[in-house]
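Here's the letter readout for the chains.
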Number of protein chains: 2
Amino acid sequence: MGRPLPLAAIAPNPLVVNVSARHCHLTPAAVEVLFGKGHQLQVHKPLYQAGHFAAKEAVTLIGPRSRVISNLRILGPCREFNQVELAYTDAVALGFEIPLRLSGNIQDTPGCMLMGPSGFFEMKQGAIRAARHVHMHPVDAEFYGVKNGDEMKLRIGGSCGIVLDKMLCRVDKSFKLEVHIDTDEGNACNLQPETPCELIK
Amino acid sequence: MGRPLPLAAIAPNPLVVNVSARHCHLTPAAVEVLFGKGHQLQVHKPLYQAGHFAAKEAVTLIGPRSRVISNLRILGPCREFNQVELAYTDAVALGFEIPLRLSGNIQDTPGCMLMGPSGFFEMKQGAIRAARHVHMHPVDAEFYGVKNGDEMKLRIGGSCGIVLDKMLCRVDKSFKLEVHIDTDEGNACNLQPETPCELIK
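Because the structure is a prediction, the values reported are computed rather than measured.

**Q** Please give an account of the overall build of chain A that cites residues and values.
**A** Along the backbone of chain A there are five helices and 15 strands. Computed over C-alpha atoms, the radius of gyration of chain A comes to 18 Å, within 12% of the 17 Å expected from 2.2 N^0.38 for 201 residues, which places it in the range of a compact globule. With the C-alpha coordinates aligned to their principal axes, the bounding extent of chain A is approximately 65 × 35 × 30 Å. Across the 201 residues that make up chain A, the buried fraction comes to 48%. Across chain A, the fraction of contacts at a sequence separation of at least 24, relative to all contacts at a separation of at least 6, is 64%. Accessible surface computed for chain A: about 10100 Å², of which carbon and sulfur atoms make up 53%. In chain A, which carries 21 positive and 20 negative side-chain charges, the distance between the mean positions of the two groups comes to 1 Å.

**Q** Which residues make up the environment of Asn105 of chain A, and what values go with them?
**A** Tracing the backbone shows Asn105 of chain A in the loop between β7 (100-101) and β8 (112-116). The exposure class of Asn105 of chain A is partly exposed, given its relative accessible area of 40%.

**Q** Tell me about unusual backbone geometry, and name the residues and values.
**A** Geometrically, the link from Gly76 of chain A to Pro77 of chain A is a cis peptide bond, its omega value of 0° lying close to zero. With respect to the element layout, Pro77 of chain A can be found in the loop between β5 (68-76) and β6 (83-85). Unusually for a residue other than glycine, Asn190 of chain A sits at a positive phi of about 50°. As for its placement among the helices and strands, Asn190 of chain A is situated in the loop between α5 (183-188) and β15 (197-200). Given a relative accessible area of 24%, Asn190 of chain A falls into the partly exposed group. In this structure, Asn71 of chain B is a non-glycine residue whose phi angle is positive, near 55°.

**Q** Tell me about the relation of the copies chain A and chain B, residues and numbers included.
**A** Superposing chain A onto chain B takes a rotation of 180° plus a shift of 0.0 Å along the axis, which leaves an RMSD of 0.0 Å. Overall, the copies show the geometry of a two-fold rotation axis.

**Q** I'd like to hear about the pairing of strand β4 (residues 53-62) of chain A, residue by residue, with values.
**A** Residues and elements named next belong to chain A. Burial within β4 is extensive, with eight of its 10 residues counted as buried. In terms of strand pairing, strand β3 (residues 43-46) meets β4 through three bridges, oriented antiparallel. Paired with Val43 across the bridge in β4 is Ala55. Hairpin connection of β3 to β4: six residues between the antiparallel strands, including Gly51 at a positive phi of 90°. As paired elements, β4 and β5 share six bridges and run antiparallel to each other. Residue pairing for β5: Val59 is matched across the bridge by Leu72. Counted between consecutive antiparallel strands, the loop separating β4 from β5 contains five residues, among which Ser66 sits at a positive phi close to 65°. With three bridges joining them, β4 and β8 adopt antiparallel strand pairing. Note that in β8 the partner of Leu61 across the bridge is Leu114.

**Q** Can you break down the side chain of Arg132 of chain A residue by residue, with the values?
**A** By the element assignment, Arg132 of chain A lies in the loop between β10 (127-130) and β11 (133-136). A polar contact of 3.0 Å, which involves the side chain of Arg132 of chain A, links it to the backbone oxygen of Cys160 of chain B. Apart from the residues within four sequence positions on either side, Arg132 of chain A is in contact with Leu164, Asp165, Lys166, Met167, Leu168, His180 and Glu185 of chain A together with Cys160, Gly161, Ile162 and Ala188 of chain B.

Thresholds, definitions, all that
Residues numbered from 1 in each chain as written. Chains lettered and ligands numbered in written order. Predicted model: local features only at pLDDT ≥ 70, side-chain atom pairs only at ≥ 80, totals over all residues. Heavy atoms only, no water. Helix = DSSP H or I, 4+ residues; strand = E, 2+ residues; numbered from the N terminus. Rg over C-alpha atoms; globule rule 2.2 N^0.38 Å. Buried < 20%, exposed > 50% of the residue type's maximum accessible area, 1.4 Å probe, protein only. Contact = heavy atoms within 4.5 Å. Areas by Shrake-Rupley, 256 points an atom, 1.4 Å probe, with all protein chains shown as cover. Lys, Arg positive; Asp, Glu negative; His and termini not counted. Charge placed at Lys NZ, Arg CZ, Asp CG, Glu CD. Least-squares fit on C-alpha atoms with pLDDT ≥ 70 in both. Pairing = 2+ DSSP bridges. Polar contact = N/O pair within 3.5 Å; in protein donor to acceptor, adjacent residues only side chain to side chain.

Listed below in structure tokens is the structure:
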């Protein structure tokens, strides 16, 4: 038709946008305290990023005012630090304030108590709202003209569409193109599988 | 400095953006069933729009799967129809799907049960997510160059800023300039009193 193709049609990889419900990442030591000596996480469902999975195991989160969130899913594999990722709506329900942080950057963040079938594990810190981000393979980064650490925007269409600013680009050869937003962001725009999404600079 | 002033500096009225937590509007008949014959809503806190208020009274909402939300605030004064306004996160927690509707447009929407100190009231319909909107006095509408029923965007700044599309303009001589968004939208961008906001066409 003589018109340029939309960017998505010529992109090297399809844009996948996934909503991360609240979850946690745990060390092997925390898993043993919560689920018993020698316990290893079982795969419930593989995630889009290779090697990552939602575990069969979940814990109960006890907030600073003794309010509780049950069935907080553990994501595997285990990491070298413990981190709980909540939406702000979750934090309000629990009655505490959590900062917006990049995953892994948990110094001076609030802690919480986790409860599993074998015991309690006290996290001294690590409760955060994870900053929105996009995983990119270097091929994707090159296509969109960005580098690791840059920020993009995500335009989400539909009857209550939004544009999310400050979408951090995380570029690695092991990554597949995927945006991670939380339930507040996903519910603000009622993101559904068929909702049109576009990454813009 | 020779640069044009930002729009907000020359606007006839300050832009107020308020987050509406889940709440309900009730008829006088529903209030009597829930709180007793002849009961009238008491003012807990006046709202920004003249004559509107958060009532002292709250009800318990019972969803279709017997899940419950306590302390659902009633907003007054009473209306000619019953309506429950929830965020999608609330609806997910209750376990049902609610449509995005303009306030008052509740035909063929799901119902729910309300419980008060004097009894139960079954709403046959009226559970919605209220579409984001901006109340405007005609002076504001003229300034922004819009008319009743038009849509604008709201840009919200800060460390997790967003742009909300499809912000419906509701123009009336009784209105003061005020945007209403829900808790999903407010929490998606961590809206705080000092967060910069801008209405754009």
